Amino acid sequence: MLEHSHEYWMEQAFSEAEKAYEKGEVPIGAVVVFENRVIGRGHNLTETLQDPTAHAEMLAITAAADYLGSRRLLDTRLYVTLEPCPMCAGAIVLARIPLLVYGASDPKAGACGTLYNIVQDKRLNHRAEVISGIMETKCALILTDFFRKLRETN
């Protein structure tokens, strides 16, 4: 079976970010890939659900765990348009996701190399490989545009 590129899967995550944008949510999207197919997808729904844990990664991880019938997402990859926050980084560790691929770094809350590096902390019982900067400009621009428009309306 032909293995798709990181860019291919990041496009899938970006499509989720666009759904969030259309709903007035911070445009972040995520997909979990297993055996060359998406088994979990999510986009931010914190405002819609009034749930501070409804981040794209959390929703995608929950969907993937449901699909696999396991809290351990071994042999999966998580693609997300923005570097995960501490909560999401903790979920990545707890889910035992071996590979995290993200687009743009998050200088305000990034917990996978920018402010913290929870997913590679040797004190924890699991560490994820991290690949950053995939479609970085595109992933950053949708966020910049979203917040610019938000400031203009307020």
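Here's a quick rundown of the structure.

Rules used in this analysis
Residues numbered from 1 in each chain as written. Predicted model: local features only at pLDDT ≥ 70, side-chain atom pairs only at ≥ 80, totals over all residues. Heavy atoms only, no water. Helix = DSSP H or I, 4+ residues; strand = E, 2+ residues; numbered from the N terminus. Buried < 20%, exposed > 50% of the residue type's maximum accessible area, 1.4 Å probe, protein only. Contact = heavy atoms within 4.5 Å. Areas by Shrake-Rupley, 256 points an atom, 1.4 Å probe, with all protein chains shown as cover. Lys, Arg positive; Asp, Glu negative; His and termini not counted. Charge placed at Lys NZ, Arg CZ, Asp CG, Glu CD. Pairing = 2+ DSSP bridges. Axes fitted to C-alpha atoms, helices over the stretch in contact; angles between N-to-C directions.

## Considering the overall build of the protein
Within the protein, the secondary structure is distributed over five helices and five strands. Tracing the protein from N to C terminus, the helices and strands come up as α-β-β-α-α-β-α-β-β-α. C-alpha extents for the protein along the principal axes are approximately 45 × 35 × 30 Å. A burial count over the protein gives 45% of its 154 residues as buried. In the protein, once contacts between residues fewer than 6 apart in sequence are set aside, the share between residues at least 24 apart is 57%. Summed over all atoms, the accessible surface of the protein reaches about 8,000 Å², with 54% contributed by carbon and sulfur. With 16 positive and 20 negative side-chain charges, the protein shows a spacing of 4 Å between the two charge centroids.

## Structural notes on the sheet that holds strand β5 (residues 129-132)
Taken in spatial order, the five strands of this open sheet run β2-β1-β3-β4-β5, and their pairing is mixed. Lying at the two open borders of the sheet, with one neighbouring strand each, are β2 (37-43) and β5. Averaged over neighbouring strand pairs, the angle between their axes works out to 15° when direction is ignored. Here five bridges tie strand β3 (residues 76-82) to strand β4 (residues 99-104), and the two strands are oriented parallel to one another. Within the sheet, the bridge partner assigned to Leu78 lies in β4 and is Leu100. Where helix α1 (residues 6-22) meets the sheet, it contacts β1 (29-34), β2, β3, β4 and β5, and its direction lies at approximately 50° from that of β3.

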